[in-house]
Number of protein chains: 2
Amino acid sequence: MILSTITKTGDGVAANAWSLSAQDVAEIALGATLLGAGGGGDPYLSQLAVRHCLQSGQSVEVIAPEDLADDACIACLAGFGAPTVEAEKMQSSAAMVYALRAYESRFGRRIDALIAAEMGGGNAIVPLLAAAETGLPVIDGDGMGRAFPELQMTSYHLNGVSATPFVLADDHLNVVTCELGAGAPEKMAEAFARSATIEMGMQAYIVCYLMTGAQAKRAVLAHTLTLSRVVGRAIAAARSDGDPVRRLVHLLNNAMQSQAAIHLFDGKVTDLWRSTEKGFAKGWCQLEDLKGSGATARAQFQNEYLLFSIDGVSRAMTPDLICLLDRETLQPIPTPDVRYGQRLAVLGIACHAQFRNAAALQVVGPQAFGFDEVYQPLQQLAPGSGSR
Amino acid sequence: MILSTITKTGDGVAANAWSLSAQDVAEIALGATLLGAGGGGDPYLSQLAVRHCLQSGQSVEVIAPEDLADDACIACLAGFGAPTVEAEKMQSSAAMVYALRAYESRFGRRIDALIAAEMGGGNAIVPLLAAAETGLPVIDGDGMGRAFPELQMTSYHLNGVSATPFVLADDHLNVVTCELGAGAPEKMAEAFARSATIEMGMQAYIVCYLMTGAQAKRAVLAHTLTLSRVVGRAIAAARSDGDPVRRLVHLLNNAMQSQAAIHLFDGKVTDLWRSTEKGFAKGWCQLEDLKGSGATARAQFQNEYLLFSIDGVSRAMTPDLICLLDRETLQPIPTPDVRYGQRLAVLGIACHAQFRNAAALQVVGPQAFGFDEVYQPLQQLAPGSGSR
């Protein structure tokens, strides 16, 4: 039994371990689509695949990071590329497992447990699917508490864990590995992964950020799989309300404690530009105020929504979460799915506190994406907050 | 003693083995610069490094491919990228050796001997330098008998040896590896290697085409290191002649038997365009007839000279060799070194017979580089050959 070797208690049943139900998976997928802030890929097919595994008698054990044995060996598994191509290139659990096995054989390490790179969209589900296929447990946590587009944009990196060595595999079972030389910046790992993924047709699976249990306790944003499930439940519960957006914001603020959610805008999509370039889905969408005030809002994205402004005034910035939802169904809208005419609510959600210091903002702040804006927290950008 | 395990005789002294002298290295470097047909990189610094090793007491043993034991393990080692950047990024024997060791550790194979990917320019010397540093012997042969720009353009590939798994390493000791999935085209290996090399600053070392001695006997173009030395000696001998170009053509035709050399043109460089794009040095140069006939010639290149025409009529095409030399010194001019005002002789040299069948021409013929021309052998393109 693997659990007995990687949890502190050693009795095979970790204090906070739980076994995923099919409903858990559906709720996590829904919640992670919101937390993905437009990115992370569409979880629809991969969550169906996990639920199919569970119905076939396979199981997925979830372990809290604080219960890990210090010498357990944890690796990230994630889809990598541009979510735009998912309509053409479906998730491949064979490629996920192939990447894991290639990692183990090429670098001589046995992986004890999987963790998500990002708790966003399909990438919240990818480790669950590989876990169902392999019997490996999954850690309740991730490296972003949301989705970001680049490999180095993680709490793992900010806490000194390298993304390399990494293994990339695609659905043709082509495998590319990378090890950085001493002193090479982590952004080189992103560059190697991105260029190989472009050759792989924009979609690959990456095994990276190998860490010990001791490192994971420092570097992991804990309990974000649970948070996804809570958010998914909140969305489902708010749907039946007469004012679903307001109800959802209320539930999120109850559930997330420090991570305040703010309802920023209601608009109809009136213009849209997108381009798949350098392995990313880049672009922006424009929304006009549904109440007829004439106000115009814009959300700029690179896989994820990164900057949201109303009449040219910034109202939310990465690393805070910018989430676009259908106003009626509360379905979160990933960036590849924004369409002309959609009537959307825009929510801002404060990012994890780890990402708000100067060192983190160099990696995930607006300027890391080439924007001129200097990061200001969501709450300070609100009209009447007194700080502007 | 490594030789005893990889040669058929098993006595440590193969029938056709020889030990490189410093003069051999200089002659090989000069000959391979001609055979490089404009590509393969500048051998100047790497041949100095090999000669320094020899003067320091290291040695390089050369083995004829026919003397290999069938189970010997041979690998290609080559510089990879665009030769344009060599002025800024010097050869790194540490990176070469690092790539070899990474190959052995990641893929669990011990490499017994090295061979060149191409007998062109610096890539004729790279295996010699790594051999001097490691004590490994070098095979007298290569996979092109010239230089070509892409990884799959080899007799190895045409004889069923895959370029993958490969290892790329750069001078910062970043390492990227690649294994293709079953059925993936070899051009995918080129695509992965090229994109990683671009991230490495356009220059890396590749270890690839692992093969057994038995495979090498089929797939290697034999004795081309010796041929390079012969060509280098011919250039040196012809320099002192009153009509050096004519003398060189005479010596080459004596030395190369089936590979006829033709003196195609004498011209002054009057126009030049170059661009470093997608990891290649692409462009063309234009020459005006030195005799004042008004004839204008053009050589198009992608790392190597690939197509040569006079007044719009093709006179030499890849895979035949197109070689530009200084008319006075007979110094072969690699594509990065062509300059306005140079007075050059243009030679055509018939390629190895292996490259003239239909299957080979799909890999190395004009259309493999996007030209419309259908390959015609050098001799048939000569005016008055009767076949045009």
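Placed above this text is the structure.
Note that this is a predicted model, so its numbers are computed, not measured.

A.B. asks: Tell me about the overall build of chain A, and name the residues and values.
C.D. replies: In terms of regular secondary structure, chain A is built from 12 helices and 17 strands. For 388 residues, the compact-globule estimate of 2.2 N^0.38 gives 21 Å, and the C-alpha radius of gyration of chain A, at 20 Å, lies within 12% of that figure. Considering only C-alpha atoms, chain A reaches an extent of 60 × 45 × 40 Å along its principal axes. Within chain A, the fraction of its 388 residues that count as buried is 58%. In chain A, once contacts between residues fewer than 6 apart in sequence are set aside, the share between residues at least 24 apart is 74%.

A.B. asks: Tell me about the sheet that holds strand β15 (residues 313–317) of chain A, residues and numbers included.
C.D. replies: Residue and element names in this part refer to chain A. Across the sheet, which stays open at both edges, the 7 strands sit in the order β15-β14-β13-β12-β11-β17-β16 with antiparallel pairing between neighbours. Across the chains shown, the open sheet's two edge strands, defined by having one partner strand only, are β15 and β16 (321–326). Pairs of neighbouring strands in the sheet enclose a mean axial angle of 35 degrees, with direction left out of account. Strand direction decides the pairing type here: strand β13 (residues 296–302) and strand β14 (residues 304–310), joined by 6 bridges, are antiparallel. Opposite Gln 302, over in β14, you have Glu 304 as the bridge partner. Seen against the sheet, helix α10 (residues 244–256) touches β11 (261–277) and β17 (343–349) and runs at an angle of roughly 100 degrees to β11.

A.B. asks: Any details on unusual backbone geometry? Residues and values, ideally.
C.D. replies: The residue after Thr164(A), namely Pro165(A), is reached through a cis peptide bond having omega -5 degrees. With respect to the helices, strands and loops of the structure, Pro165(A) is situated in the loop between α6 (155–158) and β7 (166–169). A positive phi angle, near 50 degrees, is found at Asp311(A), a position not held by glycine. Position of Asp311(A) among the secondary structure elements: in the loop between β14 and β15. Non-glycine residue Met202(B) carries a positive phi angle of around 75 degrees.

A.B. asks: Would you mind going over the interface of chain B and chain A in detail, with residue names and values included?
C.D. replies: In this complex, chain B contributes 20 residues to the contact, which on the side of chain A involves 20 residues. Ranked by residues supplied to the side of chain B that touches chain A, first place goes to helix α7 (residues 186–199) of chain B with 7 residues. Its residues placed into classes, the side of chain B that touches chain A shows 12 nonpolar, 5 polar and 3 charged. Here strand β8 (residues 175–179) of chain A pairs with strand β8 (residues 175–179) of chain B via 5 bridges, running antiparallel. Within β8(B), the position partnered with Val175(A) by the bridge is Glu179(B).

Rules and cut-offs
Residues numbered from 1 in each chain as written. Chains lettered and ligands numbered in written order. Predicted model: local features only at pLDDT ≥ 70, side-chain atom pairs only at ≥ 80, totals over all residues. Helix = DSSP H or I, 4+ residues; strand = E, 2+ residues; numbered from the N terminus. Rg over C-alpha atoms; globule rule 2.2 N^0.38 Å. Buried ≥ 20, exposed ≤ 12 C-beta atoms within 10 Å, placed from the backbone. Contact = placed C-beta atoms within 7 Å. Pairing = 2+ DSSP bridges. Axes fitted to C-alpha atoms, helices over the stretch in contact; angles between N-to-C directions. Nonpolar A, V, L, I, M, F, W, Y, C, P; charged D, E, K, R; others polar.

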